[in-house]
Amino acid sequence: MKTPLAQTPPMGWNSWNSFGWNISDKLIRSTADLFVESGLKEAGYEYIIIDDCWSEKQRDEKGRLVPDREKFPEGMKAVADYVHSKGLKFGMYSCAGTHTCAGHPGSFEHEFVDAETFADWGVDYLKYDYCYKPAAADGANLYRRMAMALRSCGRDILFSACNWGADDVYSWIRSSGAQMFRSTGDIQDNWFNVNGIICSQLDKSPYSGSFCHNDMDMLVVGMHGNSDNSEVLGGVVGGCTDIEYKTHFAFWAMMNSPLIIGCDVRKMTDITKLILMNRDIISINQDIECRAPYVIRQWNNPEKVFALIRPLSTGEYAVGLFNLSDKKAEMSLQFYDIGLPVSSGRGLEMYDCYTHSIAGVFTERYVTQLGSHDCAVFKARAVKL
Ligand code: GAL
């Protein structure tokens with residue numbers, strides 16, 4: 001039997017956060033090289049995705065999309081072949097409206113010819129935006145159309161819907177056939193924005209699951225305020241601290257969001273690499289059961305300090321403790337709240353996903369102090385005392 005696409009959240013890199021319009025054949029090839037050299041590929045990152053601004057402003061005489069002749073002088077098939085030669089997969093971008101957000105041709109009323117073009121080029125992933133959607137067109141129907149076009153184009157192309165959480169997307173996207181769906185506006189490289197995304201998605205986790213994942217947007221981990229895109233993003237960029245990047249990554253992983261890197265991988269620091277390639281955090285994100293976490297809030301700081309808990313296919317539970325506040329804070333996880341009463345005669349053996357070692361066996365509760373904007377993540381297993 002053929003394995004369906006995106007059983008677990010897709011992992012890869014996308015050009016938009018760091019490069020915006022400033023993309024090229026050379027950038028994509030060097031990113032593919034670095035995926036292999038830096039260990040990203042081995043860590044599970046697979047898709048190299050070109051975002052908006054890759055095409056000429058006009059279609060050709062047959063109505064087909066044309067790659068920008070200066071940025072991609074050898075065309076897209078050559079880029080795709082190169083990415084494939086590294087054992088990676090190749091992603092591209094289009095839009096459900098008449099134009100992309102940056103004003104290039106969109107796929108509205110061209111869905112089937114575009115899907116065929118992407119298949120001819122060897123595309124494995126299509127991000128599909130929502131700008132310039134004709135007001136009279138039904139958004140759900142446009143995503144169904146492109147899903148139909150991709151599913152009949154003769155090539156496996158993962159469909160990444162991007163309508164920013166608009167039009168109640170949670171209620172219809174899974175049945176459209178898309179493998180992931182953007183649930184938020186554009187992420188920005190600063191804590192204020194990342195924190196806002198975290199708070200907006202806490203109650204949305206049940207909508208995400210195998211074969212159709214809630215995409216909380218590309219990662220800003222490791223950008224440190226370096227983006228060619230700051231003007232497009234409204235100039236509010238700023239960068240995060242490494243602690244904030246660690247928390248951002250852990251939250252996306254715990255929530256089963258796709259992990260799509262947005263930094264310039266040629267400039268990754270050692271800490272950025274440690275965050276992005278943490279095998280234990282990635283294993284939680286990639287757990288085959290893709291179960292949604294539930295939230296346990298700290299009683300005296302419920303808005304800002306909480307735990308996310310989810311069962312893993314290994315018999316363990318992923319436990320993420322988060323402090324979104326601007327001060328150090330205590331998090332006390334009462335085991336009763338996660339189904340382990342004292343009467344069970346059991347405690348939790350907690351494996352720390354940052355030290356990669358067992359922190360100990362704890363009974364009744366686990367209490368810790370979390371620094372401002374910091375987190376702790378464990379894989380916990382119930383053991384007899
Ligand atoms: C936005 C989208 C971004 C990026 C941009 C390109 O709508 O949310 O992720 O793709 O368009 O113009």
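Above this text sits the structure in question.
Below you will find a few notes about this structure.

Thresholds applied
- Residues numbered from 1 in each chain as written.
- Predicted model: local features only at pLDDT ≥ 70, side-chain atom pairs only at ≥ 80, totals over all residues.
- Heavy atoms only, no water.
- Helix = DSSP H or I, 4+ residues; strand = E, 2+ residues; numbered from the N terminus.
- Buried < 20%, exposed > 50% of the residue type's maximum accessible area, 1.4 Å probe, protein only.
- Contact = heavy atoms within 4.5 Å.
- Areas by Shrake-Rupley, 256 points an atom, 1.4 Å probe, with all protein chains shown as cover.
- Lys, Arg positive; Asp, Glu negative; His and termini not counted.
- Charge placed at Lys NZ, Arg CZ, Asp CG, Glu CD.
- Disulfide = S-S within 2.5 Å.
- Near = heavy atom within 4 Å.
- Polar contact = N/O pair within 3.5 Å; in protein donor to acceptor, adjacent residues only side chain to side chain.
- Nonpolar A, V, L, I, M, F, W, Y, C, P; charged D, E, K, R; others polar.
- Axes fitted to C-alpha atoms, helices over the stretch in contact; angles between N-to-C directions.
- Parallel < 35°, antiparallel > 145°, perpendicular 65-115°, else oblique.
- Left-handed = near helix turned anticlockwise from the far one by under 90°.
- Phe/Tyr/Trp six-rings, centres within 6.5 Å; stacked < 30°, edge-to-face > 60°.

**Focus: the overall build of the protein**
- Helix and strand counts for the protein stand at eleven helices and 16 strands.
- Across its three principal directions, the C-alpha atoms of the protein cover 75 × 40 × 40 Å.
- Residues classed as buried in the protein amount to 59% of the 385 residues present.
- Put simply, of all contacts in the protein between residues at least 6 apart along the chain, 74% involve residues at least 24 apart.
- Per element, the accessible surface of the protein, about 15700 Å² overall, is 50% carbon and sulfur.
- Considering the protein, the positive charge centre built from 38 side chains and the negative charge centre built from 48 side chains are found 4 Å apart.

**A word on the state of the cysteines**
- Applying the stated criterion across every chain, the model contains one disulfide.
- Across the disulfide, C101 is cross-linked to C131 (sulfur-sulfur distance 2.1 Å). Taking the torsion about the S-S bond as the criterion, the C101 to C131 disulfide, at about 95°, is right-handed. You can see C101 sitting in the loop between β3 (89-95) and α5 (111-121) and its partner C131 sitting in the loop between β4 (125-129) and α6 (139-151), a full 30 residues away along the chain.
- C131 gets classed as buried once you look at its relative accessible area, which sits at 17%.
- Here C95 is not disulfide-linked; the sulfur of C101 is the nearest cysteine sulfur, at 5.2 Å.
- Given a relative accessible area of 0%, C95 falls into the buried group.

**Side note on the site of the ligand**
- Lining the immediate surroundings of the ligand are 13 residues, of which D51, D52, K127, D129 and D186 lie closest.
- With respect to the ligand, the side chain of K127 contributes an N or O atom lying 2.7 Å from an oxygen atom.
- Within the side chain of D186, one N or O atom sits 2.5 Å away from an oxygen atom of the ligand.
- The fraction of the free accessible surface of the ligand (310 Å²) that becomes covered by protein chains is 95%.
- Counted by class, the shell around the ligand contains seven nonpolar, no polar and six charged residues.

**A closer look at the packing of helix α8 (residues 191-201) against helix α9 (residues 242-254)**
- It is at 11 Å that the axes of α8 and α9 come closest, and there the two elements cross at 20°. Judged on the interaxial angle alone, α9 and α8 are roughly parallel. Helix-helix and strand crossings are classified by hand; for α8 and α9 the assignment is left-handed. Across the interface between the two elements, W191, V194, I197 and I198 of α8 pack against E244, T247, H248, F251 and W252 of α9.
- Grouping the amino acids of the contact of α8 with α9 by side-chain chemistry returns six nonpolar, two polar and one charged.

**Examining α8**
- Within the span of α8, buried status applies to W191, N193, V194, N195, I197, I198 and Q201.
- Close packing links the buried residues of α8 with β7 (213-215), α9 and β10 (305-311).
- Capping of α8 at its N-terminal end is provided by N190; its side-chain oxygen lies 3.3 Å from the backbone amide nitrogen of F192.

**Quick word on the packing of aromatic side chains**
- All chains considered together, the criterion is met by 19 aromatic pairs.
- Here W54 and W121 contribute two aromatic rings whose centre-to-centre distance is 5.7 Å and whose plane-to-plane angle is 85°, an arrangement assigned as edge-to-face. You can see W54 sitting in the loop between β2 (47-49) and α4 (75-85) and its partner W121 sitting in helix α5, a full 67 residues away along the chain.
- Residue classification places W121 among the buried residues on the basis of a relative accessible area of 13%.
- Ring centres of Y128 and Y143 lie 5.7 Å apart, and the angle between their planes is 90°; this geometry places the pair in the edge-to-face category. Of the two residues, Y128 sits in strand β4 while Y143 sits in helix α6, which places them 15 residues apart along the sequence. Of the two residues, Y128 and Y143, neither departs from the other in class, the shared state being buried.

Note that every value here comes from positions in space, so none of it alone points to a role or purpose.
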